[in-house]
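Results of the structural survey
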Amino acid sequence: MTDRATLIIDGKEYHFPIITGSEGERGIDITRLRAQTGCVTLDPGLGNTGACTSEVTYIDGENGILRYRGIPIEQFAKGPNFIEVAWLLIFGKLPTPDEYEGFSWRLTNSAHLHEGMRHVYQAFPPNAPPMAALSAMFNVLSCYHPDIMGLEDDEVFSEAAARLISKVRTIAAYIYRFQLGLPVMYPDPDLSYCANLLHMMFSWPGKSYPIDDEVIEALNLIFILHADHEQNCSTSTVRVVGSSQANLFTSLAAGVSALWGPLHGGANVAVMDMLEGIRVGGLSIEQCVEKAKDKSDPFRLMGFGHRVYKNYDPRAKVLRNVCNRLLAKLKISDPLLDIARKLEDVALEDSYFVDRGLYPNVDFYSGIIMRALGIPTNMFTVMFAIGRLPGWIAHWREQHLRKGRIFRPRQVYTGPRETPYEAPAERSGFHEALG
Ligand code: SDX
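Thresholds, definitions, all that
- Residues numbered from 1 in each chain as written.
- Predicted model: local features only at pLDDT ≥ 70, side-chain atom pairs only at ≥ 80, totals over all residues.
- Heavy atoms only, no water.
- Buried < 20%, exposed > 50% of the residue type's maximum accessible area, 1.4 Å probe, protein only.
- Helix = DSSP H or I, 4+ residues; strand = E, 2+ residues; numbered from the N terminus.
- Arc of directions from axis to C-beta.
- Contact = heavy atoms within 4.5 Å.
- Salt bridge = Lys/Arg side-chain N within 4 Å of Asp/Glu carboxyl O.
- Pairing = 2+ DSSP bridges.
- Near = heavy atom within 4 Å.
- Polar contact = N/O pair within 3.5 Å; in protein donor to acceptor, adjacent residues only side chain to side chain.
- Areas by Shrake-Rupley, 256 points an atom, 1.4 Å probe, with all protein chains shown as cover.
- Axes fitted to C-alpha atoms, helices over the stretch in contact; angles between N-to-C directions.

Bringing helix α12 (residues 285–293) into the picture now. Residues of α12 that are buried include every one of Ile285, Cys288, Val289 and Ala292, and no others. For α12, the buried positions fall inside an angular range of 95 degrees around the axis, keeping them on one side. Considering only its buried residues, α12 is in contact with α11 (267–279), α14 (335–347) and α15 (351–355).

When their charged atoms lie close together, side chains carrying opposite charge are able to pair. Taken as a whole and assessed by the stated rule, the structure comprises 21 salt bridges. The partner of Lys293 in a salt bridge is Glu290, with the nearest N and O atoms 3.1 Å apart. In this pair, Lys293 and Glu290 both sit in helix α12, three residues apart, roughly one turn of the helix. Judged by its relative accessible area of 23%, Lys293 falls in the partly exposed class. Taking the relative accessible area as the measure of exposure, Glu290 reaches 45% and is therefore partly exposed. Where Lys293 meets Asp350, a salt bridge forms, and the shortest distance between an N and an O atom there is 2.6 Å. Taken together, the residues Lys293 in helix α12 and Asp350 in the loop between α14 and α15 connect sequence positions 57 residues apart.

This paragraph deals with the sheet that holds strand β6 (residues 71–72). In spatial order, the strands read β4-β5-β6; together these three strands make up an open sheet with antiparallel pairing. Of all the strands in the sheet, just β4 (57–60) and β6 have a single pairing partner and so form its edges. For strand β5 (residues 65–68) and β6, the ladder comprises two bridges, and the chain directions are antiparallel. Bridge assignment links Tyr68 to a residue of β6, and that residue is Ile71.

The next point concerns the pairing of β4. Of the two faces of β4, the one carrying Thr57 and Ile59 and the one carrying Tyr58 and Asp60 are both buried. When β4 meets β5, the two strands line up antiparallel, connected through four bridges. Residue pairing for β5: Ile59 is matched across the bridge by Leu66. The antiparallel hairpin formed by β4 and β5 contains four residues in its connecting segment, where Gly64 sits at a positive phi of about 60 degrees.

Take the site of the ligand next. The environment of the ligand is formed by 23 residues, the closest being His229, His306, Arg307, Arg315 and Arg388. One of the side-chain N or O atoms of Arg356 is found 3.2 Å from an oxygen atom in the ligand. Against a free-state accessible area of 1,100 Å², the protein chains account for coverage of 78% of the ligand.

Quick look at the sheet that holds strand β3 (residues 26–28) now. The sheet built from three strands is open, its strands ordered β1-β2-β3 with antiparallel pairing. Edge positions in the sheet fall to β1 (4–9) and β3, since each has one partner strand and no second. Neighbour-to-neighbour, the strand axes of the sheet open up by a mean angle of 30 degrees, direction not taken into account. Pairing geometry for β1 and strand β2 (residues 12–20), over six bridges, is antiparallel. Each bridged residue has a counterpart across the sheet, and for Ala5 the counterpart in β2 is Phe16.

This is a description of form; function is not addressed.
Right, here's the structure in full:
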């Protein structure tokens, strides 16, 4: 295979190196393109553009493969907990027992929020969107932790990563409690990562939330499966903001904002709205599928399709099994699960979806599981953010360590040519407007 690409522009040849990744992916290195040819590339949505090389996560969309630091995600279905996977993503290898114990100790001892942060919660209206509050609270958190803004060495960085991964639970739980006007529940140092989150959300003073191992295992797996996904919209946002040497906290706040969109992390909410719409009799499953195929209709089949996967999202496969197992264990019969299964069957029999490689993605079943865990729909994307935090941190760190260049894409300008300024009186319609 050749290790260079040749472009011919106006009869002149230009050569660019081709780099090959560890899984055989090839990228044409156009770092010198504009300097050599005067041209830039145009790739709206960046679907064909590699913004960086990365060692964190590998996706093979055609074959439905997803690996964290080389480990297939299917191998996490029965085994490690979310914190072990977070360490793997951030530091590049599975933690030794000492590393794991040390990181867990940091997480346990940094779960509390400064009491001053409660005043910020009191300023939010009860109907404040949880993702708006989450994004804001990452920047508020940085005001209380100036000691870990520099991240000049690994020790400071490890402390920052631990505090953020630990406190994001407390921030999320407080968002939930304040929106309902409930007393906040402080973190319990004797509980595991996921159990502590559910405790802070659902316990009552004097009546602790009953910990069910199957529930904890399901939430642990949801966080693991959401932990990273290479250069997705929100992770790319974290890298873009971090590339200006903005601090980690505010880079994460930007990631939360990007994740909020219904085409991205907000899809888990949109899936539930869609399924509920079918349940209450708005649309039949067949009508929903036809509407999604209708180009004149902006409606899309939420939870279906993916920029990279043109096969079944491997996470959706695992989550579909978790869905079936958990609802059976909890003896929950959720009509939305029955509708989701039928919708999947109908869509995957339809050439429109099959021909375009549109399969269920991570968001199609995750909402049904979170609903079974008692998590309200408006907190689903917050849960996605908790899961994605280690991936955002891992990519921010990878770029920070490489001292990457600030992101500053080019464009092809298609606006007006040089135009003189016109004083108001000279502008057409000015006198008519004066009557
Ligand atoms: C996540 O990037 C990531 O890794 C994201 C994520 C992560 O872990 O970070 O995996 C998480 O965001 C999952 C995706 C959640 N979003 C949704 O479920 C929303 C519904 N899906 C679509 O909006 C869409 O599939 C996207 C946004 C996910 C992907 O959009 P693309 O890659 O820009 O695809 P496209 O718009 O170019 O679609 C290609 C074709 C088009 O039809 P044609 O022009 O070829 O006729 O497929 C059609 C689209 O109209 N299409 C759909 C569809 N998704 C794509 N048609 C109906 N329903 C859909 N859901």
